[in-house]
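Architecture at a glance
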Amino acid sequence: MANAIMPTYAPAEIALVKGDGAYVFDEAGKRYLDFASGIAVTALGHGHPALLDALTAQAGKIWHTSNLYRIPDQERLARRLTDISFADYAFFTNSGVEAIECCLKVARRLQFARGETERYRMITFSQAFHGRTLAAVAAAGQEKLTHGFGPLPDWFDIVPAGDLNAVGGAITNETAAIMVEPVQGESGIKPMPTETLKGLRRMADDHGLALVFDEIQCGMGRSGKMFAYEWSGVEPDIMALAKGIGGGFPLGACLMNKEVGAAMTVGSHGSTYGGNPLAMAVGNAVLDEMTKDGFLANVIDVSSYLMDRLDKLIEKHPDVLELVRGLGLMIGLKVKPPVRDFIAAAREEGLITAPAGDNVMRLLPPLIITREHADEAIAIIDTACARFTAADAAE
Ligand SMILES: *Cc1c(COP(=O)(O)O)cnc(C)c1O
């Protein structure tokens, strides 16, 4: 049968039709350990009983009302997210890129409210990823994202990732904001050094710019803290969340401080589905789990265990593996064979992972995994490495 899906995806030949905790099953019933989590989305694994209960209970009450009426669970989730973060206000979306769009709009609006109407430009980093709208692909500026879609919004000044001098040089009296991923995800799991984030904060303060963090991938416990910025102690003015926040239900959020939120007025932004009762029921249930004692400690424990085991594997297979880096359970393993081949080999051996730039295999397991799951993944990666070593020897 011809495929009627717009030809932008090149999926593996398998369909994953059932999930259970850290495992997924394909149509033939083959079991895989899921160390991709649908690209950092299913942070509590598959079929988590608390999420199932929250979703099914809400599904039996009401699905959608629109924001023309109060949504009590939305008020509750906004309060809870702001209580545990730098923020004073939250706006809910259905995806990551809509959260980014909200970040860009509120940053502009902040400058407008200050009377700084000439400040409209944004400084962003090379190798960034902020999603797929025209503004978001322009913000990242990578040819593979923008090819054939021009003319693009031309109000982004893209500087080499992490280069503070370049940021300083790019700031003009038209600059409104700086936007950065505290850990770059798609480009190969690259944590921004604390000093870089501090430097960005200082420059933003000195020049009256909004500092925007894209924590869509690295936020919500993924780094071992609820928000990755907590590792640096640097707080943004505006932050995008998505992926793990809904545990698999489409949900994103834009968090902002008081001054930013106060620049917005009734009717100045909105979304039909954003913050709907189903998403809010699940979002609150996800947060219940993530704020339980020991949840983040487990992420940190399994992370250091896994990193350590990966270091040993690199020593064992220097011809196949190059290096490991990351934060929490956001881990990048740089390999020497083409990463897609390596990932396919691991998948055949029963481990699901995700590719990233820089020839990196991304390990983004559910945050609920144990050391036993880590051992299982290590054994599979070991076997996959042996395949490549054997292939080299046969040549
Ligand atoms: C996934 C991602 C996005 C885009 O999220 P969508 O839900 O696909 O729109 C933006 N920024 C980062 C850092 C991401 O990882």
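Residues numbered from 1 in each chain as written. Predicted model: local features only at pLDDT ≥ 70, side-chain atom pairs only at ≥ 80, totals over all residues. Heavy atoms only, no water.

1. Description of the nonpolar core
Basically, it comes down to this: Think of a nonpolar core as a cluster: buried Ala, Val, Leu, Ile, Met, Phe, Trp, Tyr and Cys residues, connected wherever their side-chain atoms sit within 4.5 Å. Burial classes follow relative accessibility: with a 1.4 Å probe on protein chains only, a residue under 20% of its type's maximum area counts as buried, one over 50% as exposed, and anything between as partly exposed. Domains are outlined according to an automatic or database domain assignment. Note on contacts: a residue pair qualifies if any of its non-hydrogen atoms lie within 4.5 Å across the two residues.
Core analysis: the biggest nonpolar cluster contains 83 residues, and Val167, Met220, Leu310, Leu321, Leu333, Phe342 and Ile381 have the highest contact counts within it. Looking at which domains feed residues into this core, each of domain 1 (16–34 + 293–394) and domain 2 (49–290) gives three or more. Discounting residues that sit within four places of it in the chain, Leu321 has contacts with Leu313, Ile314, Leu333, Lys334, Val335, Lys336, Phe342 and Cys385.

2. A closer look at the sheet that holds strand β3 (residues 31–34)
Applied cut-off: By the convention used here, strands pair only if DSSP detects at least 2 bridges between them. Only runs of H or I of at least four residues qualify as helices and only runs of E of at least two qualify as strands under DSSP, and these elements are numbered from the N terminus.
The strand order across the open sheet built from four strands is β1-β2-β3-β15, with neighbouring strands paired in mixed fashion. Pairing within the sheet leaves two strands with one partner each, and these edge strands are β1 (16–20) and β15 (351–352). Here β3 runs beside β15; their pairing, made up of two bridges, is parallel. In the sheet register, Leu33 faces β15, and the bridge partner there is Leu351.

3. Digging into the packing of helix α2 (residues 49–59) against helix α10 (residues 277–290)
Selection criterion: Structural elements are reduced to axes, namely lines fitted to C-alpha atoms, with helices fitted over the stretch in contact, and the angle between N-to-C directions of any two is expressed from 0 to 180 degrees. Angle categories: roughly parallel below 35 degrees, roughly antiparallel above 145, roughly perpendicular from 65 to 115, and oblique for all the rest. For any helix crossing, the convention is left-handed if the near helix is rotated counterclockwise from the far helix by under a right angle, and right-handed if that rotation is clockwise. Polar here means any residue other than Ala, Val, Leu, Ile, Met, Phe, Trp, Tyr, Cys and Pro, which are nonpolar, and Asp, Glu, Lys and Arg, which are charged; Gly is therefore polar.
At a minimum axis separation of 9 Å, α2 and α10 run at an interaxial angle of 155°. When the axes of α2 and α10 are compared, the pair comes out roughly antiparallel. The chirality of how α2 crosses α10 is right-handed. Across the interface between the two elements, Ala50, Leu51, Ala54, Leu55, Gln58 and Ala59 of α2 pack against Pro277, Leu278, Ala281, Val282, Ala285, Val286 and Glu289 of α10. Of the residues in the contact of α2 with α10, the class split is 11 nonpolar, one polar and one charged.

4. Examining α2
Which entries qualify depends on this criterion: The arc in question is formed by the directions pointing from the helix axis toward the C-beta atoms.
Every buried residue belonging to α2 is among Leu51, Ala54 and Gln58, and all of these are buried. For α2, the angular spread of buried residues about the axis comes to 65°, placing them on one side. Facing away from the buried side of α2, by more than 90 degrees, are the exposed residues Pro49 and Asp53. Those residues of α2 hidden inside the fold are in contact with α3 (72–83) and α10.

5. A short note on the site of the ligand
Which entries qualify depends on this criterion: Any residue with at least one heavy atom within 4 Å of a molecule or strand is counted as near it. Think of a polar contact as two N or O atoms within 3.5 Å of one another; within protein, one of them needs to be a possible hydrogen donor and the other a possible acceptor, and neighboring residues in sequence only count if both atoms come from side chains. Exposure was quantified through the Shrake-Rupley algorithm and a 1.4 Å probe, taking into account, for residues, occlusion by the shown protein chains and nothing else.
All residues adjacent to the ligand are Ser95, Gly96, Val97, Phe129, His130, Gly131, Glu181, Asp214, Ile216, Gln217 and Lys243. One nitrogen or oxygen atom from the main chain of Phe129 is found 3.2 Å from a nitrogen atom belonging to the ligand. Coverage of the ligand by the protein chains reaches 82% of its 380 Å² of free accessible surface. Residues of the shell around the ligand, tallied by class, amount to three nonpolar, five polar and three charged.

Don't take any of this as a statement about function, it's just geometry.
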